[in-house]
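Listed below, chain by chain, are the residues.
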Amino acid sequence: MLRIVFALLFIFVSYLLLFPSEELPKVEVSDKLAHVLVFFSLMFTGGLAFGRKNYLRTGILLIMYGALVEIVQPYVNRNASLYDALANFSGVIIAIVLIYFVDQMIWRILNFLKISR
């Protein structure tokens, strides 16, 4: 189920990132903050969907995707931005760190309660 959610989110985000910006609804959030939140959401959902053994792989693929989108945007009537790519990268890294700490906390609780994973 989480993989389906991730796939739908990925498709929706791809649409938003590659659709001409004039036709997108205006939002009252910083563009860079929006990029961080979007890629945080993708990484967090992907991390949960593909499991703890694939966090790093998922993160690397999303970082590459975030950079690729910025390279492609000029060809779909959008502006490429190094700062957007850095915001995408930041969202992925923040999610990886959060997932790691949540995972460690769950591991400690399960270990304390003598429950195996």
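Throughout what follows, the structure given in this document is the object of discussion. Because the structure is predicted, anything quoted here is derived from the model rather than measured.

Focus: the packing of aromatic side chains
Here is step 1 of the chain: Here the structure, examined in full by the defined rule, presents seven aromatic pairs.
Here is step 2 of the chain: Measuring from centroid to centroid gives 4.5 Å for phenylalanine 10 and tyrosine 65, while their planes differ by 40°, and the two rings are tilted. One end of the pair, phenylalanine 10, is in helix α1 (residues 2–18); the other, tyrosine 65, is in helix α3 (residues 55–72), and 55 residues separate them in sequence.
Here is step 3 of the chain: Its relative accessible area of 26% is what places phenylalanine 10 among the partly exposed residues.
Here is step 4 of the chain: Taking the centre distance of 6.2 Å and the plane angle of 35° together, the rings of phenylalanine 39 and tyrosine 65 count as tilted. Here phenylalanine 39 is found in helix α2 (residues 31–50), whereas its partner tyrosine 65 is found in helix α3, with 26 residues between them in sequence. The exposure classification of phenylalanine 39 matches that of tyrosine 65, with both residues buried.
Here is step 5 of the chain: Among the aromatic residues, those joined into a ring-pair cluster are Phe6, Phe10, Phe39, Phe50 and Tyr65.

Some remarks on the packing of α2 against α3
Here is step 1 of the chain: Between α2 and α3, whose axes approach to 9 Å, the crossing angle comes to 145°. When the axes of α2 and α3 are compared, the crossing they make is right-handed. Taken together, the residues of α3 that come into contact with α2 (itself represented by His35, Phe39, Leu42, Met43, Gly46, Gly47 and Phe50) are Tyr55, Thr58, Gly59, Leu62, Tyr65, Gly66 and Glu70.
Here is step 2 of the chain: Residue composition of the contact of α2 with α3, grouped by class: seven nonpolar, six polar and one charged.

With respect to the packing of α1 against α2
The description of two helices packed together rests on the angle between their axes and the distance between the axes.
Here is step 1 of the chain: For the pair α1 and α2, interaxial distance at closest approach is 8 Å and the crossing angle is 155°. Of the possible angle classes, the one that applies to α1 and α2 is roughly antiparallel. Note that α1 runs across α2; the crossing there is left-handed. Where α1 abuts α2, its residues Leu2, Arg3, Val5, Phe6, Leu9, Phe10, Val13 and Leu17 lie against His35, Val38, Phe39, Ser41, Leu42, Thr45, Gly46, Leu48, Ala49 and Phe50.

Reading guide: rules and limits
- Residue numbers run consecutively from 1 along every chain, following the written order of its sequence.
- Thresholds applied to this predicted model are a pLDDT of at least 70 for local features of residues and 80 or more for the giving and counting of side-chain atom pairs; totals over whole chains, interfaces and linings are not thresholded and use all residues.
- The basis for the side-chain values is all heavy atoms of the structure; hydrogens and waters are excluded.
- Side-chain rings of Phe, Tyr and Trp (the six-membered ring for Trp) are treated as a pair once their centres are within 6.5 Å; stacked means planes under 30 degrees apart, edge-to-face means over 60, and tilted covers the remaining angles.
- Helix and strand assignments follow DSSP, with helices taken as H or I runs no shorter than four residues and strands as E runs no shorter than two, numbered in order from the N terminus.
- Relative accessibility under 20% of the residue-type maximum defines a buried residue, over 50% an exposed one, and the middle range a partly exposed one, all with a 1.4 Å probe and only protein chains included.
- For every element, the axis is a line fit to its C-alpha atoms; helices are fit only across the contacting stretch, and the angle between N-to-C directions ranges from 0 to 180 degrees.
- Handedness of a helix crossing follows the sense of rotation of the near helix relative to the far helix, less than a right angle counterclockwise being left-handed and clockwise being right-handed.
- Every residue pair with non-hydrogen atoms within 4.5 Å of one another is taken to be in contact.
- Residue polarity is assigned by list, with Asp, Glu, Lys and Arg as charged and Ala, Val, Leu, Ile, Met, Phe, Trp, Tyr, Cys and Pro as nonpolar; anything else, Gly included, falls into the polar class.
- For classification purposes, an angle smaller than 35 degrees is called roughly parallel, one larger than 145 roughly antiparallel, one from 65 to 115 roughly perpendicular, and anything else oblique.

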